Amino acid sequence: MKRALLWVLLALGVGILCLFILGWQRDLDPADLQAKYANKESQFVDMGGGLIIHVRDEGVPTRPAIVLVHGAISSLQTWEPWEVRLQAKYRVISFDLPGSGLTGPDPSGDYGVEKTVRLIDGLTRKLGVERFALAGHSMGGWIAWHYALAHPERTTALILVAPAGAPDVKYPDPPLGIRLGRSPMLRNMVMRVTPRSVIERTIRQSITDQSIVTDAMIDRYWELLLYPGNREATLARPSLADLEPATRSEMARLHMPVLIQWGERDRLMPVAASRWFKAAIPGAREIIYPGIGHVPMEEAPDRTVADVDAFLDGVARGSQK
């Protein structure tokens with residue numbers, strides 16, 4: 001019995017060693033990543049304290065603005081399908097959150113929601129935007145509703161795309177990356193041992209329409225996670241399941257127009273959470289997309305943008321009454 005246990009432990013140790021040898025990933029060169037993932041619209045805005053934010057400010061400067069906030073382990077590129085469809089009619093601003101994309105880590109080490117709300121407020125003021133519609137996806141949706149609570153006077157409308165924060169959400173079959181993230185030991189290991197295969201599997205489990213999962217998409221998620229400091233920042237942030245949940249009293253204070261968009265086959269943020277947000281937010285409009293997973297803006301860009309455009313048209317007509 002003891003010998004068998006010894007062999008099991010030895011095999012486990014060899015397996016972990018092989019995983020480190022085969023899966024260990026060094027950080028990538030920031031200059032190489034900027035050359036690949038920045039474009040002619042990219043700006044790098046100095047927010048003070050050593051924090052430089054990667055921003056894209058596109059579309060028509062004189063038109064109503066919409067600010068887009070991406071989710072965890074993502075980047076502003078996730079909004080590109082929306083940007084190309086919205087920029088003829090709106091001013092479209094996207095940015096990489098601290099610890100994500102080409103922004104890299106916050107030197108202060110503070111990734112709390114209060115700091116992020118201040119960042120959005122300061123960044124939009126630097127860009128000369130006083131009032132705007134705010135859209136957030138997943139963790140970015142959690143940030144977006146926090147911003148709207150803090151600054152209702154600046155938020156003309158709120159678009160929540162599968163936002164985090166509904167209380168008592170059950171995760172029946174979350175993607176691999178989320179399961180690993182729940183274990184403190186494995187979470188720390190994965191931040192150094194970051195094989196591309198784990199990122200690919202997580203993406204494929206999050207997205208229903210597998211035809212949109214390209215090598216370029218997988219490379220983007222994986223390589224930007226390897227931007228120096230981004231993995232450590234990911235560790236410093238709470239996991240999606242650990243984010244402080246919303247309360248009905250908080251949601252009742254959201255008096256601006258609110259649109260909720262959710263994929264019916266979302267395995268990361270179950271669609272039942274959409275029902276909670278709709279019931280909790282006064283007058284919120286809810287759209288569920290059949291056959292769509294956790295990333296509706298990439299899986300169904302035409303449908304989701306058409307709904308956003310119609311929603312914002314309605315907001316504009318209402319403001320003119």
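Residues numbered from 1 in each chain as written. Predicted model: local features only at pLDDT ≥ 70, side-chain atom pairs only at ≥ 80, totals over all residues. Heavy atoms only, no water.

Visitor: Please explain unusual backbone geometry as it appears in this structure.
Guide: Keep in mind that most residues, glycine aside, have a negative phi and that most peptide bonds are trans. Positive phi values are uncommon outside glycine, yet Ser 138 reaches one of about 55 degrees. Its location among the elements puts Ser 138 in the loop between β5 (132-137) and α5 (139-150). Since its relative accessible area comes to 3%, Ser 138 is described here as buried. Phi angles above zero are rare outside glycine, and Ala 162 is one such case at about 45 degrees. Examined against the element boundaries, Ala 162 turns out to sit in the loop between β6 (155-161) and α6 (176-182). Taking relative accessible area as the criterion, Ala 162 reaches 0% and is therefore assigned buried. (Helix = DSSP H or I, 4+ residues; strand = E, 2+ residues; numbered from the N terminus. Buried < 20%, exposed > 50% of the residue type's maximum accessible area, 1.4 Å probe, protein only.)

Visitor: What's the story with empty space enclosed by the protein in this structure? I'm lost.
Guide: Leftover empty space is mapped by rolling, across the atoms, a probe with the size of a water molecule. One pass over the structure, following the stated rule, counts two cavities of 30 Å³ or more. What the second largest cavity holds in volume is close to 90 Å³. The wall of the second largest cavity is formed by 13 residues, among which Ile 73, Ser 74, Gly 101, Leu 224 and Leu 225 lie closest to the centre. For the lining of the second largest cavity, the secondary-structure elements that each account for two or more residues are α9 (215-225) and α10 (230-236). It is α9 that provides the largest number of residues to the lining of the second largest cavity, a total of four residues. Its residues assigned to classes, the lining of the second largest cavity comprises four nonpolar, seven polar and two charged. (1 Å grid on protein atoms, 1.4 Å probe; cavity = no way out; pocket = protein on both sides within 12 Å on 5 of 7 lines; lining within 4 Å. Points joined across faces, edges and corners; volume = space filled by probe spheres on them. Nonpolar A, V, L, I, M, F, W, Y, C, P; charged D, E, K, R; others polar.)

Visitor: How should I be thinking about α5 in this particular structure?
Guide: Each α-helix winds once per 3.6 residues, and so residues spaced three or four apart point in a common direction. Spanning twelve residues, α5 covers 17 Å between terminal C-alpha atoms, matching the ideal 16 Å at 1.5 Å per step. In terms of burial, α5 is a largely internal element, eleven of the twelve residues being buried. Among the residues of α5, Met 139, Gly 140, Gly 141, Trp 142, Ile 143, Ala 144, Trp 145, His 146, Tyr 147, Ala 148 and Leu 149 are the ones counted as buried. Where α5 is buried, its residues contact β3 (65-69), α4 (113-126), β5, β6, α11 (248-251) and α12 (272-280). (Expected span 1.5 Å × (residues − 1). Contact = heavy atoms within 4.5 Å.)

Visitor: What's the story with the layout of surface pockets in this structure? I'm lost.
Guide: Here the largest pocket defines a volume of roughly 350 Å³. Considering the residues around the largest pocket, the lining is formed by 15 residues, among which Pro 64, Thr 156, Leu 312, Val 315 and Ala 316 are closest to the centre. Within the residue set of the lining of the largest pocket, elements represented by two or more residues are β5, β6 and α14 (301-319). In this structure, the second largest pocket occupies an estimated 150 Å³ of space. Along its surface, the second largest pocket is lined by 17 residues, and Tyr 111, Gly 112, Thr 116, Ile 143 and Arg 237 are the ones closest to its centre. The set of elements that each furnish at least two residues to the lining of the second largest pocket consists of α4 and α5. The element contributing the most residues to the lining of the second largest pocket is α4, with four residues.

Visitor: In this structure, what is going on with the confidence of the model for the protein chain? I would like to understand it.
Guide: Reading fine detail from the predicted coordinates is not recommended where pLDDT is low. For the protein chain, the mean per-residue pLDDT works out to 89, and 85% of the residues sit at or above 70. Predicted confidence is poor over residues 8-22, with pLDDT under 50, and the contacts of this stretch with residues over four places away or in other chains come to six contacts. (pLDDT = per-residue confidence, 0-100.)

Visitor: Would you mind showing me how to read the packing of aromatic side chains here?
Guide: In total, this model carries four aromatic pairs according to the counting rule given. Each ring, one from Trp 79 and one from Trp 82, has its centre 5.0 Å from the other, and the planes form 55 degrees; the classification is tilted. On the basis of relative accessibility, which here comes to 0%, the residue Trp 79 falls in the buried class. Of the residues examined, Trp 82 reaches a relative accessible area of 0% and is grouped as buried. Ring plane angle 85 degrees and centroid distance 5.3 Å describe the contact between Trp 276 and Phe 277, whose orientation is recorded as edge-to-face. Joined through ring pairs, the aromatic side chains of Trp 262, Trp 276 and Phe 277 make up one cluster. The ring centre of Tyr 111 lies 5.8 Å from the NZ or CZ of Arg 237, which sits over that ring. (Phe/Tyr/Trp six-rings, centres within 6.5 Å; stacked < 30°, edge-to-face > 60°. Lys NZ or Arg CZ within 6 Å of the ring centre and 35° of its normal.)

Visitor: Explain the pattern of salt bridges to me, please; I cannot follow it from the model alone.
Guide: Charged atoms that come close allow side chains of opposite charge to pair. As enumerated under the stated definition, the model contains 18 salt bridges in all. Asp 309 is the salt-bridge partner of Lys 89, the closest N and O atoms lying 2.9 Å from each other. Residue Lys 89 is found in the loop between α3 (80-86) and β4 (91-95), and its partner Asp 309 is found in helix α14; the two are separated by 220 residues along the sequence. With a relative accessible area of 28%, Lys 89 lands in the partly exposed category. For the salt bridge of Arg 196 with Glu 200, the shortest nitrogen-to-oxygen distance reads 3.8 Å. (Salt bridge = Lys/Arg side-chain N within 4 Å of Asp/Glu carboxyl O.)

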